[in-house]
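Notes for the structure review
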Amino acid sequence: MMHKKIMVVGSLVLFMLLLISFSGCINQTEELDPTIQRIKDAGKLLVGTSAPYEPMEYIDINGDIVGFDIDIAEAIATALGVELEIKDMEFDDILVAVENGSVDISIAAITITVDRSEKVLFSNAYLNAGQVIIINETNEDIGGPNDLDNKTVGVQSGTTSEDEALKYTNSTLVKKYDDYDESLEHLLAGDLDAIVIDHSGGIGLIKDISGIVIVGYPFTDELYGVAMKKGEAALKTEIDKVIADMDIDSLENKWF
């Protein structure tokens, strides 16, 4: 009888261990985030960006999209264990692409704002790049934002730069362009008095151009974040970890 009891007890212990193991598998399945699982199943992270906006994202001589933001996107893809796929689009379409699911995330020097946060979920900020003013170096009339009154100002459409320019000059004098390369052409041609742009983008815009300067200092705080669809808390957690672990100073030295 003793042997039978031992065998019964042993069988019960084995059964309980199997049950616990099986239960653990069920819990793991239940706890697996569907967004992250979908990205892993696809084997790629589809990222929306908007080039050219050097040094944040632009097309190099080899035809590849590179830049500060792209390095961050690559780090996120690596952390998720998938390949990176970049989808270049107009800046006005960046957040729409996140909302409708045509991209997994967007990163394109996107300033975190209250209005934008109502549409998408943002990561923690990874860079503070305030607004600056670019002028011809011979222009002695503009030294700061208050001097933009009644001046013709170029901006990229749909950006916070447009919002800031509208605070300082007549709306009819704010000229909106698809990208800043176009606005620079008009500044060089004398069609614009100034350009308002994020500091990081301003550095890249004028780096190879003589006679064009950034005047004064950044006059706003512009916190950049990675955009994703509302409710994707698990993906935000993973992206926030990547941002926290990145050496942002080294990225600034590399790209700025």
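Here the structure is shown first, and the text comes after it.
Here's a quick rundown of the structure.

Criteria and thresholds
- Residues numbered from 1 in each chain as written.
- Predicted model: local features only at pLDDT ≥ 70, side-chain atom pairs only at ≥ 80, totals over all residues.
- Heavy atoms only, no water.
- Helix = DSSP H or I, 4+ residues; strand = E, 2+ residues; numbered from the N terminus.
- Expected span 1.5 Å × (residues − 1).
- Buried < 20%, exposed > 50% of the residue type's maximum accessible area, 1.4 Å probe, protein only.
- Arc of directions from axis to C-beta.
- Contact = heavy atoms within 4.5 Å.
- Core = buried A, V, L, I, M, F, W, Y, C linked by side-chain atoms within 4.5 Å.
- 1 Å grid on protein atoms, 1.4 Å probe; cavity = no way out; pocket = protein on both sides within 12 Å on 5 of 7 lines; lining within 4 Å.
- Points joined across faces, edges and corners; volume = space filled by probe spheres on them.
- Nonpolar A, V, L, I, M, F, W, Y, C, P; charged D, E, K, R; others polar.

The terminal C-alpha atoms of helix α9 (residues 233–245) lie 18 Å apart, and with 13 residues this matches the ideal 18 Å at 1.5 Å per residue to within 8%. All buried positions along α9 are accounted for by Leu235, Lys236, Ile239, Asp240, Val242 and Ile243. What you see down the axis of α9 is that its buried residues fit within an arc of 160°, all on one side. Among the exposed residues of α9, those oriented more than 90 degrees off its buried face are Ala244 and Asp245. Those residues of α9 hidden inside the fold are in contact with α2 (34–42), α3 (68–80), β5 (105–106), β6 (121–122) and β14 (227–228).

This part is about the nonpolar core. Most often, soluble globular proteins have nonpolar side chains that are buried together. Among the nonpolar cores identified, the biggest contains 54 residues, and Leu45, Phe68, Ile76, Ile105 and Tyr126 are the most heavily contacted of them. Considering every element that reaches this core, the biggest residue donor is α3, with six residues. With residues near it in sequence (within four places) discarded, isoleucine 105 still touches Leu45, Leu46, Val47, Gly48, Ile76, Val98, Val226, Ala227, Met228, Leu235 and Ile239. Counting 13 residues, the second largest nonpolar core, distinct from the first, contains Leu46, Val98, Val103 and Ala227.

Below, the discussion takes up the layout of surface pockets. Unoccupied space between atoms shows up once a probe the size of one water molecule is rolled over them. The volume enclosed by the largest pocket comes to roughly 260 Å³. The element that contributes the greatest number of residues to the lining of the largest pocket is helix α4 (residues 94–100), accounting for four residues. Grouping the constituent residues of the lining of the largest pocket by class yields four nonpolar, three polar and six charged. In this structure, the second largest pocket occupies an estimated 200 Å³ of space. Together, 15 residues line the second largest pocket, and Pro52, Glu54, Asp181, Gly204 and Leu205 are the ones closest to its centre. In terms of residue class, the lining of the second largest pocket is made up of nine nonpolar, two polar and four charged.

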